[in-house]
Amino acid sequence: MEGRSISTSSTGAESPLKLNVAAAASTALAIGSVAWYYHLYGSTAHAMTPAEEGLHPTAYPWVHTQWLKTFDHQALRRGFQVYQEVCASCHSLSRVPYRALVGTVLTVDEAKELAEQNEYDTEPNDEGEIEKRPGKLSDYIPAPYKNDEAARAANNGALPPDLSLIVKGRHGGCDYIFSLLTGYPDEPPAGAQVGAGLNFNPYFPGTGIAMARVLYDGLVEYEDETPATTSQMAKDVVEFLNWAAEPEMDDRKRMGMKVLTVTAVLFALSVWVKRYKWATLKSRKIVYDPPKVTDKFRS
Amino acid sequence: MGIWDTFTDLVEAAKPWATVEAEAPAEEPQEEEQPEEEEEEEEEEDDDEPKDPKEQLEEECKNSKQCAPAKHHFDECVERVTNASDDGEAKEDCVEEFFHLAHCASQCAAPKLWSILK
């Protein structure tokens, strides 16, 4: 008790000026330290320039990515044609067997015929020799090069990646690959550095890609007479590559629909069952019948 | 596109007379008149290669009001850099400006392009 009274009496009443200065100074310190903090740590650090990041692809309104839509199998057919006639000379599609094409892209006969155009190793025969046989539906689409080294040697040191899972393997998926294939400008923008043997493509991280533009208007001739413009071929081949990476998509969406339908039926059923089980509870009537009050008790 | 398509698709799939063919459908005898017509069309198409609608649409978009700021910056940069490199010292490039313009143009052209492509 005493100590406190002494201390208060010794300082006396604070002058309003001192108080105001203290408040102002502490506020300034607070604001200043926040500003200093944001100056030091506030802005995000970019490890890469926008050119190194690459241009983010525009989101295109793909129909097959909608919840209730399937692949357009006519487009898959066209896309497979583009893959075969254009991309297959550099890119493998090693995870796709001919049998997977049956019923989605080709008919059985077409797929068999295609498989038979290539030779595959047989099992060792009685003398242990491995011979060649024509392909079967269970074989996988052959790669253009024997191994990665051969692929690099033929492409200026750059490895054309396998395209089986490329749609899943790149940020932006379909949009990225479509943009990449159609995005080669006639000439790089002023001042841009393009390395030797590289081509300017804004969508490729670093903007210098070893693959030159491959799609040109009228490059393939579609059997369904769709005009084979650059963007049409790119769209078709991307949808095909999406199928290659995600062949279960159509079934997956149908399974989702099944789940929702069955759940809806079960939910409706459970509502009716609940109504039935609760009927007695809901329809009962509780009546309070107070006992007659007689004068006897009151007095 | 839209929810209505879903219903028509479902009805189509549920119809007992809808067929799914894994085998090549039997070839239908073609009418005699058809090939003549097709030949005429092909001849017309063969004269000029199909034109890519993407390039055309993006060109229009680049010159539209929507992309005017990006185009302005890009053109200005190209002028600046070409002048500087003529003098022998270009210290910058127009990649970023190009990105902004290309992004604007492709975003503007995307829905129009998809309405044209099959």
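No experiment lies behind these values; they were computed from the predicted model shown.

S.K.: I'd love a proper account of the overall build of chain A, names of residues and values included.
M.R.: Scanning chain A from N- to C-terminus turns up twelve helices and four strands. Since a compact globule built from 299 residues should have a radius of gyration of about 19 Å, the 37 Å found for chain A marks it as more spread out than a globular shape. Based on the C-alpha atoms only, the size of chain A along its principal axes is roughly 115 × 80 × 50 Å. Within the span of chain A, comprising 299 residues, buried residues form 30% of the whole. Within chain A, residue pairs in contact and separated by at least 24 positions form 64% of the contacts whose partners lie at least 6 positions apart. Summed over its atoms, the accessible surface of chain A is roughly 19900 Å², and 58% of this surface lies on carbon and sulfur atoms.

S.K.: Residue-level account of the interface of chain A and chain B, with values.
M.R.: Taken together, the 43 residues of chain A in the interface contact 37 residues of chain B. Where chain A abuts chain B, roughly 3200 Å² becomes buried across the two surfaces, and 63% of that area is made up of carbon and sulfur atoms. Where chain A meets chain B, there are two salt bridges. Between A:Lys69 and B:Asp5 there is a salt bridge, and its shortest N-O distance comes to 3.7 Å. Inspection of the region where chain A meets chain B yields nine residue pairs in polar contact (both at pLDDT 80 or more). Of all the secondary structure elements, the ones that give two or more residues to the side of chain A that touches chain B are helix H3 (50-53), helix H6 (108-116), helix H9 (173-182) and helix H10 (230-245) of chain A. Looking at which element gives the most residues to the side of chain A that touches chain B, the answer is H10(A), with five residues.

S.K.: Before we move on, could you go through the packing of helix H4 (residues 73-85) of chain A against H10(A) and cite the residues and values that matter?
M.R.: All names here are of chain A. Their axes nearest at 7 Å, the elements H4 and H10 cross at an angle of 100°. The orientation of H4 relative to H10 falls into the category roughly perpendicular. Along the contact surface, H4 presents Ala-75, Leu-76, Arg-78, Gly-79, Phe-80, Val-82 and Tyr-83, while H10 presents Gln-232, Met-233, Asp-236, Val-237, Glu-239, Phe-240 and Trp-243. Of the residues contributing to the contact of H4 with H10, the split by class is nine nonpolar, two polar and three charged.

S.K.: How would you sum up the state of the cysteines? Please name residues and give values.
M.R.: A covalent bond between the sulfur atoms of two cysteines is referred to as a disulfide. According to the stated counting rule, one finds three disulfides over all chains in the structure shown. Note on cysteine connectivity: B:Cys77 is disulfide-linked to B:Cys94, with sulfurs 2.1 Å apart. Between B:Cys77 and B:Cys94, the disulfide has an S-S torsion of -95° and is therefore left-handed. Taken together, the residues span a long stretch of sequence, with B:Cys77 in helix H4 (residues 68-86) and B:Cys94 in the loop between H4 and helix H5 (95-116) at a distance of 17 residues. The same class applies to B:Cys77 and to B:Cys94, which are both buried. Bonded cysteines in chain B are paired 1-6, 2-5, 3-4 when counted in the order they occur along the chain. A:Cys90 takes part in no disulfide bond, and the closest cysteine sulfur, belonging to A:Cys87, lies 8.6 Å away. Unpaired in this structure, A:Cys174 has its nearest cysteine sulfur neighbour in A:Cys87, at a distance of 14 Å.

S.K.: So what's going on with the environment of A:Ser15? Residues and values would help.
M.R.: Its location among the elements puts A:Ser15 in the loop between helix H1 (2-11) and helix H2 (16-42). Separated by 221 residues in the primary sequence, A:Ser15 and A:Asp236 have C-alpha atoms spaced 81 Å apart.

S.K.: Mind laying out the pattern of salt bridges, listing which residues take part and the relevant values?
M.R.: One pass over the structure, following the stated rule, counts 14 salt bridges over all chains. Here A:Asp139 and A:Arg133 are joined by a salt bridge, their closest N and O atoms 2.8 Å apart. The class of A:Arg133 is partly exposed, set by a relative accessible area of 21%. Its salt-bridge partner being A:Asp224, residue B:Lys118 comes within 3.7 Å of it at the nearest N-O pair. Note that B:Lys118 is positioned in the segment after H5 and A:Asp224 in the loop between strand S4 (208-209) and H10, a pairing that runs across two chains. Taking the relative accessible area as the measure of exposure, B:Lys118 reaches 46% and is therefore partly exposed. Here A:Asp224 falls in the partly exposed class, since its relative accessible area comes to 22%.

S.K.: Explain the UniProt feature "domain: Cytochrome c" (unreviewed entry) in chain A to me, using residue names and the numbers behind them.
M.R.: Following the UniProt record, one finds the feature "domain: Cytochrome c" (unreviewed entry) at residues 74-227 of chain A. In the segment residues 74-227 of chain A, helix accounts for 30% and strand for 6%; the C-alpha atoms at its two ends are 14 Å apart.

S.K.: Report on the UniProt feature "binding site: heme c" (unreviewed entry) in chain A, specifying residues and quantitative values.
M.R.: Residues and elements named next belong to chain A. According to UniProt, the "binding site: heme c" (unreviewed entry) feature falls on Cys-87, Cys-90, His-91 and Met-211. In three dimensions, the annotated residues from a span of 125 residues occupy one location, with a maximal C-alpha spread of 10.9 Å. Along the chain, Cys-87 falls in the loop between H4 and helix H5 (98-101). On the basis of relative accessible area, Cys-87 is assigned to the buried category, the value being 14%. Beyond its immediate sequence surroundings of up to four residues, Cys-87 is in contact with Val-82, Leu-163 and Val-237. Residue contacts for Cys-90: discarding those within four places in its chain leaves Pro-144, Tyr-145, Asn-155 and Pro-160.

S.K.: Which residues make up the UniProt feature "domain: Ubiquinol-cytochrome C reductase hinge" (unreviewed entry) in chain B, and what values go with them?
M.R.: Mapped onto this numbering, the UniProt entry annotates "domain: Ubiquinol-cytochrome C reductase hinge" (unreviewed entry) at residues 52-118 of chain B. Split by type, residues 52-118 of chain B is 76% helix and 0% strand. Its first and last C-alpha atoms lie 13 Å apart.

Conventions we followed
- Residues numbered from 1 in each chain as written.
- Chains lettered and ligands numbered in written order.
- Predicted model: local features only at pLDDT ≥ 70, side-chain atom pairs only at ≥ 80, totals over all residues.
- Heavy atoms only, no water.
- Helix = DSSP H or I, 4+ residues; strand = E, 2+ residues; numbered from the N terminus.
- Rg over C-alpha atoms; globule rule 2.2 N^0.38 Å.
- Buried < 20%, exposed > 50% of the residue type's maximum accessible area, 1.4 Å probe, protein only.
- Contact = heavy atoms within 4.5 Å.
- Areas by Shrake-Rupley, 256 points an atom, 1.4 Å probe, with all protein chains shown as cover.
- Buried area = accessible area lost by both parts, 1.4 Å probe.
- Salt bridge = Lys/Arg side-chain N within 4 Å of Asp/Glu carboxyl O.
- Polar contact = N/O pair within 3.5 Å; in protein donor to acceptor, adjacent residues only side chain to side chain.
- Axes fitted to C-alpha atoms, helices over the stretch in contact; angles between N-to-C directions.
- Parallel < 35°, antiparallel > 145°, perpendicular 65-115°, else oblique.
- Nonpolar A, V, L, I, M, F, W, Y, C, P; charged D, E, K, R; others polar.
- Disulfide = S-S within 2.5 Å.
- UniProt positions renumbered as here; feature names shortened; annotations may be inferred.

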